[in-house]
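# Residue-level structural notes
Below are the chains, spelled out letter by letter.
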Amino acid sequence: MKLNLFFLTLLFSVSASAESIALPVAPQLAAKSYVLFDYTSNQTLVSQDGDARMEPASLTKLMTAYLAFDALKHDTLSLNQKLTVPAAAVRSASSESRMLLKSGQIVTVDELLHGLIVQSGNDAAITLADNIAGSEAGFVDLMNKEAKRLGMNNTHFTNVVGLPDARHYSSAMDMAVLSAAILRDYPQHYPLFGLRNYTFNNVDQANRNRLLWLDPYADGIKTGHTESAGFCLVGSAQRDNHRLISVLFGADSDRLRATESQKLLNFGFQNYDAARLYQKDQPVTQLRIWKGTSSHVEVGFRRDLILSIPKGTFSQLKAKMETRQPIVAPLTSGQQLGVLKLTLAGKPYAEFPLVALDNVPLSNVFSRGWDSIRLMLQ
């Protein structure tokens, strides 16, 4: 096997010289940990202790919501379905956030989702968990399985609401992954996170996410707070078709978590552009293959290739493709055949897998034999 390198000269219009450029310097925020994630390009733009295990407080309920959305998708719940509030759901202390449910009360799934997301109700979370999994413990198992599936490697849950526990933790990066999953997998439910208030049983409660009032582009997603965790916030905003997600742990006040999150979002929008380099399934180039029914296969990307780069630097972006040779049939559509490596001003910037866009079956025995001879002679 050999490594085949060549430049994609038609991919971008690039300058001949690679002048040194300075990447934007992220603001230093008054928080223990934070991440700025570009949802549009699937890139992390800023990470300050982003993988550190932190107490997530009520950010935990993002996973509770995600699994509730999954239950709706698979028809094990419906929005108009009526559920009975278990006694365990109203055990909450007065200091906990609640939608003010009563034991034995009948409520709809839709009401519970509003109470969970807008009011951050612990009672709503426990009611949903109990009805989906049969118990809070059973639901916690589902939460941990889903966290593992999503690649949340620094996350472990012990309860559905975010009460302090030494074995209950997550990270800013993992919360960005979870928030992106909500946006990607359940966009029809995402508007719930942008509601500024919700009234239940004639009691109106405001969403604690101050970004919804502070930033005209902000539209979600969740706050968290305990004495030990401090004030936490996952925020998201979209300008035109460019969406960013900010995650912040451990601010000192409700006001500070919002203003610091806004600083992070503003930094991203003011300093980065999201450029579409290739559309999904658009051929990038053709690669020679052996022993197949076709002598070449088109390669590209299975999703739109969008890249966030510092404003004004596109001319210094260069692309190089690497493949392992020889490429031998059979090939399946989506099989990775190489990697596209991007450099900015001569420095590594991003990498993306290149995949086959078509299936290529094995050719007949005579063609395979002839290709074997030609490969030996190379």
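Structure: above.
Remember, predicted model here, so these are calculated numbers, not experimental data.

Summed over the entire model, instances satisfying the criterion amount to six aromatic pairs. Here phenylalanine 267 and tyrosine 272 contribute two aromatic rings whose centre-to-centre distance is 6.1 Å and whose plane-to-plane angle is 70°, an arrangement assigned as edge-to-face. The residues phenylalanine 267 and tyrosine 272 share a single accessibility class, namely buried. Look at tyrosine 278 and phenylalanine 301: their rings are 6.0 Å apart centre to centre, the planes differ by 45°, and that puts the pair in the tilted class. On the criterion of sequence distance, the pair formed by tyrosine 278 in strand 11 (residues 272-278) and phenylalanine 301 in the loop between strand 13 (296-300) and strand 14 (305-310) is long-range, its members being 23 residues apart. In textbook terms, an aromatic cluster arises when at least three aromatic residues are bridged by ring pairs, as seen for Tyr66, Phe69, Tyr186, Tyr190 and Phe193. The ring of tryptophan 290 has arginine 288 lying over it, and the distance from NZ or CZ to the ring centre is 3.9 Å.

Counting residues in each nonpolar core, the largest one holds 63 residues, and the members touching the most others are Met63, Phe69, Leu113, Val160 and Phe193. Among the nonpolar cores identified, the runner-up in size contains 27 residues, and Ala329, Leu331, Leu354 and Val360 belong to it.

This next bit is on the pattern of salt bridges. Under the definition given, this model contains 11 salt bridges. Linking aspartate 281 and arginine 302 is a salt bridge whose minimum nitrogen-to-oxygen distance equals 2.4 Å. Of the two residues, aspartate 281 sits in the loop between strand 11 and strand 12 (285-288) while arginine 302 sits in the loop between strand 13 and strand 14, which places them 21 residues apart along the sequence. Judged by its relative accessible area of 34%, arginine 302 is partly exposed. Taken together, the shared-partner salt bridges connect Arg210, Asp254 and Arg257 into one network.

The rules behind each value
- Residues numbered from 1 in each chain as written.
- Predicted model: local features only at pLDDT ≥ 70, side-chain atom pairs only at ≥ 80, totals over all residues.
- Heavy atoms only, no water.
- Phe/Tyr/Trp six-rings, centres within 6.5 Å; stacked < 30°, edge-to-face > 60°.
- Buried < 20%, exposed > 50% of the residue type's maximum accessible area, 1.4 Å probe, protein only.
- Helix = DSSP H or I, 4+ residues; strand = E, 2+ residues; numbered from the N terminus.
- Lys NZ or Arg CZ within 6 Å of the ring centre and 35° of its normal.
- Core = buried A, V, L, I, M, F, W, Y, C linked by side-chain atoms within 4.5 Å.
- Salt bridge = Lys/Arg side-chain N within 4 Å of Asp/Glu carboxyl O.

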